[in-house]
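# Report on the structure
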Amino acid sequence: MQKGKKNSPIYDHKKIESKWQKDWDKNKIYKTLDTQKAKSKKKKPCYVLDMFPYPSGVGLHVGHPRGYIGSDIYARMKRMQGYNVLHPMGYDAFGLPAEQYAIEHKIHPKKAVEINVKTFEKQLSIIGLSYDWSRKINTTDPAYYKWTQWIFLQLFNSYYDTKKNKACPIKDLIKTFEKQGNKNAFAFSNQKDIFDKNEWKNFTELKKQNILMNYRLAYEAESEVNWCVKLGTVLANDEIVDDKDGNQVSERGGYPVEKLKINQWSMRITAYAERLLLGLKDLDWVDSIKEIQKNWIGKEIDLNGKITFKMHDAIFARQRYWGEPIPLYRDANGIIHEVKKLPLELPSVKSYEPTGRAEGPLAGVASWVKSGYETNTMPGWAGSSWYFLRFTDPKNKKEIANKDNLDYFFGKSGGVDMYVGGAEHATGHLLYARFWHKFLQDIGRVKSGEPFKKMKNQGMIGGVDGRKMSKRWGNVVNPDEIVKVYGADTLRVYTMFLGPFDSHLPWNTENIMGSRRFIERVWRACNHVINEKKKTNTDVLYYLQDLIKKIESDILEFKFNTAVSSFMIFLGLLEEKNYEITNDDFLIFIKLLAPFAPYVADEIYQKFSPNTKQQTAKSIHLSDWPKSKKLKDRKMLQKIIVQVNGKLRGFVFVPEFSDEAYVVGQVLHDEKLRNYIEHGVRTRTIYIPNKIINFVIKIAN
RNA sequence: GCCGAAGUGGCGGAAUGGUAGACGCGGUGGAUUCAAAAUCCACUAUCAGCAAUGAUGUGAGAGUUCGAGUCUCUCCUUCGGCACCA
């Protein structure tokens, strides 16, 4: 058929993208089925998770969505393959950046988070990410942090039994002390003094409390903080820089920083060191991250066979306002009690700025202090150490998540099926989340010991100058601008086409035209479609079958760049000789493309899908993923590489699985090739069917 | 210093031990156009040659192999982690 006969209108990304965005929202096509419904439909779960972001105030640059686009492509394919995909998004909004933003802009952190979340969602919504927004969570929501506090209390009420090799109730340990003292208690501890049962009975309450602190998995102890006298505040490591003389100074102002020992809460992660190390073996993570964790845990066995670990316990407190309150209080006698009614909500304060003492701003709230509450709050990593559980049942008021939901979504693989995020969390979030997960396994809340069985890490995208994108260098590219000018489909394709998913790559807006052209070529490829009475060109047909396999395996391995290039080759094939393709075969191509360019794919799908009289076709994203089939009549000649002494000298074409003698015959038949071989004495021939033949020639003299 | 990853055209990159440079960007020439944009066609690693073609070539050097970008060893460079922080 001649080009231009079926005149497609011009590709208008704005029109197409706003149309489908509304349509998808309205029909809630990305909604995850509830457990009961999914089970009755016998739908298998697939949990595809992004590391949830910190909604900082500056907004997204073009590198941020890279991981989200990758996981989205994966989720979309799985959805089309019939899985009940859980692909949620939420916000990790406690912690320093939100607090800093609030201080700088003189607004309440809660307000700052609201504003930032809005900006963030607006930016994300135009990229075409298939989240089920009805499961959105926010770590700063009291309904959420109620359960963060609950987990804290479970840790507080547990010790690590070294014989059972798991966490056990502290009550059991107290019973042991009452029966036999601590001499043969199999408990992980830094308690040095030995006592018998009678001594234990005679200890004061306060003494008992202090001893138990040496056993609890969440415990209070003296530890060091960075104290800045001039700023009158405790600083996080991130806020400290080296000055030109190598002294540690505050990033803000450059004032001296000293170490100060204060009493604060910690987590006995060291009790889990061995299990955290062992668990790494079964994880489908990139080796470099496993190696980093391994080094961090740092197991060493000295000559006497004593096992030590480099890893320290983790401080679980910040002298800051914007975090989860620790759900404990101290009575007049100094005895610690649990807060019975959770959540213990963060009170409103007049000033959330540092107080000038080595304690949190909560110390300035009279009623809070009077009640005996902790003035420190939990660190940033608290809420992110279990959020992936909450997504399975985000509105549950009775427990962290209902067991049926947890078991269903964490069922087969025992964890999130695909976790996508930055490699920079190797020793922070990824370690803490594994620690809490193992603890929750010990107390029977989850079945598996590992939360993230499979993980992929996106590399950073730098500026054109190769530097990190930042306002400071003036090299920030805003995704909104790119979407406006080129469209979201182009942004997605280009981001994926840049290079390997996990490499650090520079952004180059000049190059984006190639991806835009690709989408336009897809649009024009509609002109090659013929009706079903005719047949698709066989070259196209064969390539299409290979393409199905190629795209599926590339998506599974996160090799999106090569997937895009094989789409381009397919178009080249159609264009070069103006080949024809049937309606059905073209739809195969469009379906394969749908996860990458969801908007244009749905638009084209509607044109070519067989609509019934009653209704138009559903979204392409709810259609079935193509399956490759064996083409019976596919008997192609094989191109055999001909080498002489390992050097390429030409090719011969032979039927599949030809034997050596036949291939040698064909080679000798070719005058040019024969000359190379007869140049010397043939001593050996290496033949690999369908691939290569190499003649080893000894040249006389 | 220790541990890990990576070095391929002008650029981003591709390549189960088997045609190095797919695909894209950029560039050169041409078609179309009053002109431009867009689109289409051809060429585009280096050297020699009018050309067919030949030689060289994946950070450097050795090795294994019929055959190495890919495997092994040594070195160089870059990036990440650790060492002073958690």
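Calculation rules
- Residues numbered from 1 in each chain as written.
- Chains lettered and ligands numbered in written order.
- Predicted model: local features only at pLDDT ≥ 70, side-chain atom pairs only at ≥ 80, totals over all residues.
- Heavy atoms only, no water.
- UniProt positions renumbered as here; feature names shortened; annotations may be inferred.
- Pairing = 2+ DSSP bridges.
- Helix = DSSP H or I, 4+ residues; strand = E, 2+ residues; numbered from the N terminus.
- Axes fitted to C-alpha atoms, helices over the stretch in contact; angles between N-to-C directions.
- Salt bridge = Lys/Arg side-chain N within 4 Å of Asp/Glu carboxyl O.
- Buried < 20%, exposed > 50% of the residue type's maximum accessible area, 1.4 Å probe, protein only.
- Right-handed = clockwise from strand over helix to strand, strands pointing away.
- Contact = heavy atoms within 4.5 Å.
- Phe/Tyr/Trp six-rings, centres within 6.5 Å; stacked < 30°, edge-to-face > 60°.
- Lys NZ or Arg CZ within 6 Å of the ring centre and 35° of its normal.
- Parallel < 35°, antiparallel > 145°, perpendicular 65-115°, else oblique.
- Left-handed = near helix turned anticlockwise from the far one by under 90°.
- Nonpolar A, V, L, I, M, F, W, Y, C, P; charged D, E, K, R; others polar.
- Patch = residues over 30% accessible without salt bridge, like charges linked within 9 Å, V, L, I, M, F, W, Y side chains within 5 Å.
- Areas by Shrake-Rupley, 256 points an atom, 1.4 Å probe, with all protein chains shown as cover.
- Lys, Arg positive; Asp, Glu negative; His and termini not counted.
- Charge placed at Lys NZ, Arg CZ, Asp CG, Glu CD.
- Polar contact = N/O pair within 3.5 Å; in protein donor to acceptor, adjacent residues only side chain to side chain.
- 1 Å grid on protein atoms, 1.4 Å probe; cavity = no way out; pocket = protein on both sides within 12 Å on 5 of 7 lines; lining within 4 Å.
- Points joined across faces, edges and corners; volume = space filled by probe spheres on them.
- pLDDT = per-residue confidence, 0-100.

Looking at an unreviewed UniProt entry, chain A carries the name leucine--tRNA ligase. If you open the UniProt record of chain A and go to Sequence similarities (unreviewed entry), you find "Belongs to the class-I aminoacyl-tRNA synthetase family."

Attention now moves to the sheet that holds strand β24 (residues 647–654). The strand order β24-β23-β26-β25 describes an open sheet built from four strands, whose pairing is mixed. Since the sheet does not close on itself, it has two edges, and those belong to β24 and β25 (681–688), each with one partner. Here the average twist between neighbouring strands, direction ignored, is 20°. Here strand β23 (residues 638–644) pairs with β24 via seven bridges, running antiparallel. From the neighbouring strand, I640 faces β24, where its bridge partner is V652.

Before going further, it helps to spend a moment on the pattern of salt bridges. The final tally for this structure, using the stated rule, is 23 salt bridges. R76 is the partner of D72 in a salt bridge, and the nearest nitrogen-oxygen pair spans 2.7 Å. Of this pair, D72 and R76 both sit in helix α3 (residues 65–80), four residues apart, which is roughly one turn of the helix. Grouping residues by exposure puts D72 and R76 together as buried.

Okay, the sheet that holds strand β18 (residues 455–458) next. Taken together, the four strands give an open sheet; going across it, the order is β2-β1-β17-β18, and neighbouring strands pair in parallel fashion. Strands at the two margins of the open sheet, each flanked by one partner only, are β2 (84–86) and β18. For this sheet, the mean angle separating the axes of adjacent strands, direction not counted, is 20°.

Using the residue numbers shown here, the UniProt feature "domain: Methionyl/Leucyl tRNA synthetase" (unreviewed entry) corresponds to residues 51–158. Secondary structure across residues 51–158 comprises 54% helix and 7% strand; the distance between its end C-alpha atoms is 28 Å.

Attention now moves to the pairing of β18. Pairing of strand β17 (residues 418–422) with β18, which is carried by four bridges, proceeds in the parallel orientation. Paired with G422 across the bridge in β18 is Q458. Viewed along the sheet, the connection from β17 through helix α16 (residues 429–442) into β18 turns out right-handed.

Next up on the list: the environment of A358. Inspection of the secondary structure puts A358 in the loop between β16 (336–338) and α12 (366–370). Sequence separation between A358 and L260 is 98 residues, and the spatial gap between their C-alpha atoms is 8.4 Å. For A358, the residues in contact, after removing those within four places along its chain, are W227, V234, L260, I262 and Q319.

Bringing the pairing of β17 into the picture now. Among the five residues that make up β17, five are buried, leaving the element largely enclosed by the rest of the structure. Where strand β1 (residues 45–50) meets β17, three bridges bridge the pair, whose relative direction is parallel. Within the sheet, the bridge partner assigned to D50 lies in β17 and is V420.

This part is about the packing of aromatic side chains. Within this structure, the stated rule accounts for 48 aromatic pairs. Ring plane angle 25° and centroid distance 4.8 Å describe the contact between W24 and Y599, whose orientation is recorded as stacked. Taken together, the residues W24 in helix α1 (residues 13–27) and Y599 in helix α23 (residues 598–608) connect sequence positions 575 residues apart. Ring plane angle 75° and centroid distance 5.7 Å describe the contact between Y387 and F388, whose orientation is recorded as edge-to-face. Residues Y387 and F388 agree in their burial class; the two are buried. Here a set of aromatic residues connected by ring pairs shows up, and it is made of Y74, F501, F518, Y543, F558, F560, F567, F570, F586, F589, F596 and F608. Lying across the ring of W24, R76 places its NZ or CZ 5.4 Å from the centre. The ring of Y219 carries the charged tip of R268 above its face, separated from the ring centre by 4.0 Å.

This part is about the environment of A314. By the secondary structure assignment, A314 is in strand β14 (residues 314–315). Using a relative accessible area of 6% as the deciding quantity, one classes A314 as buried. Along the chain, A314 and Y432 lie 118 residues apart, while their C-alpha atoms are 8.8 Å from each other.

Turning to the packing of helix α19 (residues 512–525) against helix α21 (residues 560–576), a few remarks are in order. Two elements in contact, α19 and α21, have axes whose closest approach is 11 Å; the angle formed by their N-to-C orientations is 45°. As judged from the angle between their axes, α19 and α21 are oblique. Once α19 is placed against α21, the crossing between them reads as left-handed. Contact with α19, carried on its side by G514, F518, R521, V522 and A525, involves F567, M568, L571, G572, L574 and E575 of α21 and no other residues of that element. For the contact of α19 with α21, the class distribution of residues is seven nonpolar, two polar and two charged.

Among the 10 residues in helix α18 (residues 488–497), nine count as buried, and that is most of the element. The complete set of buried residues in α18 reads A488, D489, T490, L491, R492, V493, Y494, T495 and M496.

What follows covers a positive patch on the surface. Together, K28, K31, K37, K41, K395 and K618 give the surface a local cluster of positive charge. The topology assignment puts K618 in the loop between α23 and β23.

Mapped onto the fold, N457 is located in strand β18. From its side chain, N457 meets the backbone oxygen of G421 in a polar contact 3.3 Å long. Non-local contacts of N457, meaning those with residues more than four positions away in its chain, are made with V286, I289, G421, G422, A423, F501 and D502.

One number sums up the size of the second largest pocket: a volume of about 520 Å³. In terms of lining, the second largest pocket is formed by 27 residues, of which the most central are L33, K43, R79, Y83 and L622. Taken together, the elements giving at least two residues each to the lining of the second largest pocket come down to α3 and β2.

Here we come to the confidence of the model for chain A. Summary statistics for chain A give a mean pLDDT of 89 and a share of 94% for residues scoring 70 or more. At the level of chain-chain contacts, confidence expressed as ipTM amounts to 0.93, with global pTM at 0.93.

Here R390 shows up in helix α14 (residues 387–390). Buried charged residue R390 carries no salt bridge. Nearest counter-charge: D393, at 6.2 Å. Separated by 3.2 Å, the side chain of R390 and the backbone oxygen of P394 make a polar contact. Those residues in contact with R390 that lie beyond four places of it in its chain are I137, A143, Y144, W147, K395, N396, E399 and I400.

Time to look at unusual backbone geometry. For the bond from L342 to P343, the omega torsion is 0°, close enough to zero to count as cis. Structurally, P343 can be placed in the loop between β16 and α12. Positioned with a positive phi, N165 is a non-glycine residue whose angle comes to about 55°. Following the sequence through the fold, N165 ends up in the loop between β5 (158–161) and β6 (166–169). One non-glycine residue, F558, adopts positive backbone phi at about 60°. Inspection of the secondary structure puts F558 in the loop between α20 (538–556) and α21.

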